[in-house]
Amino acid sequence: MKIAIKPAIILGLCMLLLVSLLLGQWFAPLSMTLGFDPTYLLSWGAPAVFYDGFGNRGLSAQVEPWRLLGLQLPAFAALELPEEVPVIEPSPLEPVSPGLNQPTDPEAPAIKVDGLVGIYHSHTTESFISTAGVTHTENFDKTVVRLGMVIADSLTARGIDVVHDRTYHDQIYSESYRRSAETLKKMKASHPGFNLIMDVHRDSVRSNPRGATTARINGREAGMIMFIVGSRHQNWRENYRVAMSLDAIIEEMYPGLTRGVRVYSFATYNQDLHPQSILVEIGGDHNTLEEAMYGAELFADAVAVYLEGLNPER
């Protein structure tokens, strides 16, 4: 029995893919500026395809053709490729022990450690709606750049050297990571010997957007911490070990603050450029800037403890 596929269906699928590419290249920067996500409207008419917004990966990475097939073929509807790739094999390197000189008391003496920390922002314009009024802005006083400043100031006060690069990378959203990779290469060339490099973001969550990214720590609302690891390179487990170590430290110091570590197989997030490179999400777009800054302050405490674990003789 022959199955005839109407040319109109093939043409329609091709047009759908073309539109998705155009949206990813042209509309993403505009949507950031206006604080409007066009995929939200598209998801009303085609939820199987446009199931989420731009997030941190761009629209093109989130279009899943088998979801469209599932509308017509029930067998495909059961196919669900996981967004989060589970790590089956344990990392050969154990996380650093978190039980090291934790500054649980605000009056406790600052930790003095040797180290060089790099901070940059692939999505420099990521902001906080309740503070900036939009999801992205070129006013970096209201974006994740402020979070990087909080981390840098906190670590510097502890005697830790910090390089905080504030280059604007996401003028063209789809080129963010390519541009930030060049920045990271320049940082490494100018300051060899980094103990930790972090790409600081904030998250964007569709379901329960504020509750999913907010914790109450010491009586204050704080933007929660989540780590993203890209496994599309050979040495990703080195990055994973660092993220897991920091996650364990945060959980011991400030229970409930961390959202864990997520591993994605389709990207590197520039982590292939340095084994101690991580991507950290602090809060979400529905947190206030102040809440995210408090989360960044607590995260800096954990970073200091992590670096102390790399220098146990001190």
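Residues numbered from 1 in each chain as written. Predicted model: local features only at pLDDT ≥ 70, side-chain atom pairs only at ≥ 80, totals over all residues. Heavy atoms only, no water.

### Overview of the side chain of Gln271
Within the secondary structure, Gln271 sits in the loop between strand S7 (258-264) and strand S8 (277-284). Ignoring sequence-local partners within four residues, the contact set of Gln271 consists of Ile228, Val229, Gly230, His233, Asn239, Ser277, Ile278 and Leu279. (Helix = DSSP H or I, 4+ residues; strand = E, 2+ residues; numbered from the N terminus. Contact = heavy atoms within 4.5 Å.)

### Regarding the nonpolar core
With 49 residues, the main nonpolar core has Leu147, Ile151, Met198, Phe227 and Phe299 as its most contacted residues. Of all the elements, helix H9 (residues 289-310) adds the most residues to this core, at 14 residues. Excluding residues within four positions of it along the chain, Met198 makes contact with Val117, Gly118, Ile119, Tyr120, Ile151, Ile278, Val280, Phe299 and Val303. (Core = buried A, V, L, I, M, F, W, Y, C linked by side-chain atoms within 4.5 Å. Buried < 20%, exposed > 50% of the residue type's maximum accessible area, 1.4 Å probe, protein only.)

### Section: helix H7 (residues 176-190)
The end-to-end C-alpha separation of H7 is 21 Å, in line with the 21 Å expected for 15 residues at 1.5 Å each. Every buried residue of H7 is accounted for by Ser176, Tyr177, Ser180, Ala181, Thr183, Leu184 and Met187. Along the long axis of H7, the arc covered by the buried residues comes to 165°, so they all point the same way. Facing away from the buried side of H7, by more than 90 degrees, are the exposed residues Arg178, Lys186, Ala189 and Ser190. In this fold, the buried residues of H7 make contact with strand S1 (116-120), strand S2 (161-164), strand S3 (196-203) and S8. (Expected span 1.5 Å × (residues − 1). Arc of directions from axis to C-beta.)

### Some points on the packing of aromatic side chains
In the structure shown here, the tally under the stated rule is five aromatic pairs. Between Phe227 and Phe299 the ring centres are 6.0 Å apart and the planes differ by 50°, which places this aromatic pair in the tilted class. Of this pair, Phe227 sits in strand S6 (residues 225-230) while Phe299 is found in helix H9, placing the two residues 72 residues apart along the sequence. No difference in accessibility class separates Phe227 from Phe299, as the two residues are buried. (Phe/Tyr/Trp six-rings, centres within 6.5 Å; stacked < 30°, edge-to-face > 60°.)

### Quick look at unusual backbone geometry
You will see that Asn208, though not glycine, has its phi angle at about 50°, which is positive. Considering the arrangement of structural elements, one finds Asn208 in the loop between S3 and strand S4 (214-217). Even without a glycine there, the phi angle at Asn270 is positive, about 70°. Summarising the element assignment, Asn270 is placed in the loop between S7 and S8.

### A few points about helix H8 (residues 236-253)
Between the first and last C-alpha of H8 there are 26 Å, a value that for 18 residues agrees with the 26 Å anticipated at 1.5 Å per step. Every buried residue belonging to H8 is among Trp236, Asn239, Tyr240, Arg241, Val242, Ala243, Ser245, Leu246, Asp247, Ile249, Ile250 and Met253, and all of these are buried. At its buried positions, H8 is contacted by S3, S6, S7, S8 and H9.

### Thoughts on the environment of Ser130
Structurally, Ser130 can be placed in helix H5 (residues 129-132). Judged by its relative accessible area of 51%, Ser130 is exposed. Spatially, the C-alpha atoms of Ser130 and Thr288 are 5.6 Å apart, while their sequence positions differ by 158 residues. Setting aside anything within four residues of it in sequence, one finds Ser130 in contact with Asn287 and Thr288.

### With respect to the packing of H8 against H9
At a minimum axis distance of 9 Å, the contact between H8 and H9 shows a crossing angle of 120°. At the point where H8 passes H9, the crossing takes the right-handed sense. Contacts between H8 and H9 pair Arg241, Val242, Ser245, Leu246, Ile249, Ile250 and Met253 from the former with Phe299, Asp301, Ala302, Val303, Val305 and Tyr306 from the latter. Residue composition of the contact of H8 with H9, grouped by class: 10 nonpolar, one polar and two charged. (Axes fitted to C-alpha atoms, helices over the stretch in contact; angles between N-to-C directions. Left-handed = near helix turned anticlockwise from the far one by under 90°. Nonpolar A, V, L, I, M, F, W, Y, C, P; charged D, E, K, R; others polar.)

### Here's the deal with the side chain of Asp301
Examined against the element boundaries, Asp301 turns out to sit in helix H9. Overall, Asp301 belongs to the buried group, its relative accessible area being 10%. A distance of 2.6 Å separates the side chain of Asp301 from the side chain of Arg158, its partner in a polar contact. (Polar contact = N/O pair within 3.5 Å; in protein donor to acceptor, adjacent residues only side chain to side chain.)

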